[in-house]
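Spelled out from the first residue to the last, the chains are:
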Amino acid sequence: MEGTIGIIAKITIGVVALEHLYILWIEMFAWETKGKKTFTSLPGHLFAETKNLAANQGLYNGFLAAGLIWSLLIEDAHWQQHVALFFLGCVIIAAIYGALTAAKSIFFKQGLPALIAFVFTVIA
């Protein structure tokens, strides 16, 4: 990924990775504090009861972030693009599932940035 489009692709991949690191932090380490403020549709008493479930979800978000960061560190442009597209595709699919099963806003908060990064990565 070279040129202006390649730089934009890498920046958008980085943004998606940072977003998922932030989600990891909320779900694994701040579920009962920041999680309550973020996920306002859940009753407050559920946060203590679902702490381990949230941490598991956070771990998966960390794997997505790790894959995206890894893609930025790969020197071979061909493999860099393929790894990035795989992990962006995973984010997009997870966001579509989340939008269908939990809240439509998930697609716009997580899926749309990943979709934008995906498009820039394809055309880079």
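Here's what I pulled together on the structure shown here.

### So, a nonpolar patch on the surface
Point 1. Together, Ile5, Phe108, Leu112, Leu115, Ile116, Val119, Val122 and Ile123 line one region of the surface with nonpolar side chains, adding up to about 670 Å² of accessible area.
Point 2. Within the secondary structure, Ile5 sits in helix α1 (residues 3–29).

### Some details on the side chain of Asn61
Point 1. Among the secondary structure elements, Asn61 is positioned in helix α4 (residues 51–73).
Point 2. If we ignore the near neighbours within four places in the chain, the residues touching Asn61 are His20, Ile23, Leu24 and Glu27.

### Considerations on the packing of α4 against helix α5 (residues 77–101)
Point 1. Two numbers describe how α4 lies on α5: the axes approach to 8 Å, and their chain directions differ by 160°. Here α5 runs roughly antiparallel to α4, going by the angle between their axes. Between α4 and α5 the crossing geometry is left-handed. Across the interface between the two elements, Phe63, Leu64, Gly67, Leu68, Trp70, Ser71 and Leu72 of α4 pack against Gln80, Val83, Ala84, Phe87, Leu88, Cys90 and Val91 of α5.
Point 2. Its residues assigned to classes, the contact of α4 with α5 shows 11 nonpolar, 3 polar and no charged.

What counts and what doesn't
- Residues numbered from 1 in each chain as written.
- Predicted model: local features only at pLDDT ≥ 70, side-chain atom pairs only at ≥ 80, totals over all residues.
- Heavy atoms only, no water.
- Patch = residues over 30% accessible without salt bridge, like charges linked within 9 Å, V, L, I, M, F, W, Y side chains within 5 Å.
- Areas by Shrake-Rupley, 256 points an atom, 1.4 Å probe, with all protein chains shown as cover.
- Salt bridge = Lys/Arg side-chain N within 4 Å of Asp/Glu carboxyl O.
- Helix = DSSP H or I, 4+ residues; strand = E, 2+ residues; numbered from the N terminus.
- Contact = heavy atoms within 4.5 Å.
- Axes fitted to C-alpha atoms, helices over the stretch in contact; angles between N-to-C directions.
- Parallel < 35°, antiparallel > 145°, perpendicular 65-115°, else oblique.
- Left-handed = near helix turned anticlockwise from the far one by under 90°.
- Nonpolar A, V, L, I, M, F, W, Y, C, P; charged D, E, K, R; others polar.

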